[in-house]
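Listed below are the residues making up each chain.
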Amino acid sequence: MAGTSALPPPPPPQWVLELTAPTAPSKAKAGSVPDPPGFTPTTAIQSRQSKNTKGTAIAPRKQPSPEEMDTLKIKKAWELALAPAKQLPMNAIGMYMTGNSLQIFSIMMVFMLFKGPITAVLNIQGTFQRLETESNRAQMLGVKAAFVGCNMLALALGIWKVNGMGLLPTTRSDWLAWETARDPLERAYYVPSY
């Protein structure tokens with residue numbers, strides 16, 4: 001047993017040696033297979049870069065002006081505001097696919113449909129806080145109104161689904177507990193004769 005533990009480990013496979021070897025590929029190998037169309041060797045790229053850096057220095061990018069930053073922030077805010085509307089078709093298809101029966105899957109889908117817009121409307125200041133500045137505050141009111149409107153559409157979809165499941169009390173029979181019995185105008189009695 002002691003003799004078997006003293007054996008040297010087997011040599012690594014050839015592919016491991018080739019992978020870790022820092023040697024360049026041989027010229028015979030490189031010449032036998034042509035480069036694919038559009039391939040640029042790394043040596044040509046490096047020589048082109050060294051020529052470009054010698055002649056001209058790369059100018060730093062100009063910082064955007066405050067007006068440009070406000071425009072960019074307003075564009076980003078509109079993207080955030082309209083994002084709930086872009087989710088409406090997907091949510092509508094999901095609500096259609098779950099059916100109108102009371103099952104755990106359909107109930108959880110409806111719960112998530114209500115939870116998302118409500119939390120989004122409650123966190124509206126945090127959502128647009130990093131995009132709002134003193135100069136674009138008036139424009140952000142319209143963006144926030146659109147955001148709330150899109151979330152209200154998602155809530156309306158949830159209400160439609162709950163109504164389709166029969167959970168909304170929309171019929172008179174749903175309110176029978178608060179109905180009073182009618183007083184009859186007259187009574188008719190049948191007395192059998194023996």
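Residues numbered from 1 in each chain as written. Predicted model: local features only at pLDDT ≥ 70, side-chain atom pairs only at ≥ 80, totals over all residues. Heavy atoms only, no water.

What follows concerns the overall build of the protein. Along its length, the protein carries eight helices and zero strands. When the helices and strands of the protein are listed from N to C terminus, the series reads α-α-α-α-α-α-α-α. The burial tally for the protein puts 18% of its 194 residues in the buried class. Here the protein has roughly 16,300 Å² of accessible surface; of this, 65% comes from carbon and sulfur atoms. (Helix = DSSP H or I, 4+ residues; strand = E, 2+ residues; numbered from the N terminus. Buried < 20%, exposed > 50% of the residue type's maximum accessible area, 1.4 Å probe, protein only. Areas by Shrake-Rupley, 256 points an atom, 1.4 Å probe, with all protein chains shown as cover.)

Looking now at a nonpolar patch on the surface. Where nonpolar side chains cluster on the molecular surface, the patch consists of Ile-93, Tyr-96 and Met-97 and spans about 410 Å² of accessible area. When you line up the elements, Ile-93 lands in helix α5 (residues 66-98). (Patch = residues over 30% accessible without salt bridge, like charges linked within 9 Å, V, L, I, M, F, W, Y side chains within 5 Å. Salt bridge = Lys/Arg side-chain N within 4 Å of Asp/Glu carboxyl O.)

All right, on to the pattern of salt bridges then. Under the defined criterion, the tally for this structure stands at five salt bridges. Glu-79 is the partner of Lys-76 in a salt bridge, and the nearest nitrogen-oxygen pair spans 3.9 Å. Remark: Glu-79 and Lys-76 occur in helix α5; sequence separation between them is three residues, near one turn of the helix. What makes Lys-76 partly exposed here is its relative accessible area of 36%. A relative accessible area of 49% places Glu-79 in the partly exposed class. Note that Lys-144 is salt-bridged to Glu-132, the shortest N-O span being 3.1 Å. Here Lys-144, found in helix α8 (residues 137-164), pairs with Glu-132, found in the loop between α7 (124-128) and α8; they are twelve residues apart in sequence, far enough to count as distant. For Lys-144, a relative accessible area of 10% corresponds to the buried category. Through salt bridges with shared partners, a single ionic network connects Glu-132, Glu-134, Arg-137 and Lys-144.

Under the defined criterion, the tally for this structure stands at two aromatic pairs. A ring pair is formed by Phe-128 and Phe-147, whose centres lie 5.3 Å apart and whose planes are at 90°; its orientation type is edge-to-face. One end of the pair, Phe-128, is in helix α7; the other, Phe-147, is in helix α8, and 19 residues separate them in sequence. Phe-147 matches Phe-128 in its accessibility class, with the two residues each being buried. Between Trp-175 and Trp-178, the ring centres sit 5.5 Å apart and the planes meet at 50°, which makes this aromatic pair tilted. Residue Trp-175 is classed as partly exposed on the basis of its relative accessible area, which comes to 41%. (Phe/Tyr/Trp six-rings, centres within 6.5 Å; stacked < 30°, edge-to-face > 60°.)

Confidence in the prediction of the protein, expressed as mean pLDDT, is 85, and 85% of residues score 70 or more. Predicted confidence in the protein is weakest over helix α1 (residues 2-5), with a mean pLDDT of 59, and strongest over α8, with 95. (pLDDT = per-residue confidence, 0-100.)

This part is about the packing of helix α6 (residues 104-122) against α8. At their nearest, the axes of α6 and α8 sit 9 Å apart, and the two run at 160° to each other. Taken as axis vectors, α6 and α8 run roughly antiparallel relative to one another. Judged by the twist between their axes, the crossing of α6 over α8 is left-handed. On α8, the residues that touch Val-110, Leu-113, Phe-114, Pro-117, Ile-118, Ala-120 and Val-121 of α6 are Phe-147, Asn-151, Met-152, Ala-154, Leu-155, Leu-157, Gly-158, Ile-159, Lys-161 and Val-162. Class assignment of the residues belonging to the contact of α6 with α8 gives a composition of 14 nonpolar, two polar and one charged. (Axes fitted to C-alpha atoms, helices over the stretch in contact; angles between N-to-C directions. Parallel < 35°, antiparallel > 145°, perpendicular 65-115°, else oblique. Left-handed = near helix turned anticlockwise from the far one by under 90°. Contact = heavy atoms within 4.5 Å. Nonpolar A, V, L, I, M, F, W, Y, C, P; charged D, E, K, R; others polar.)

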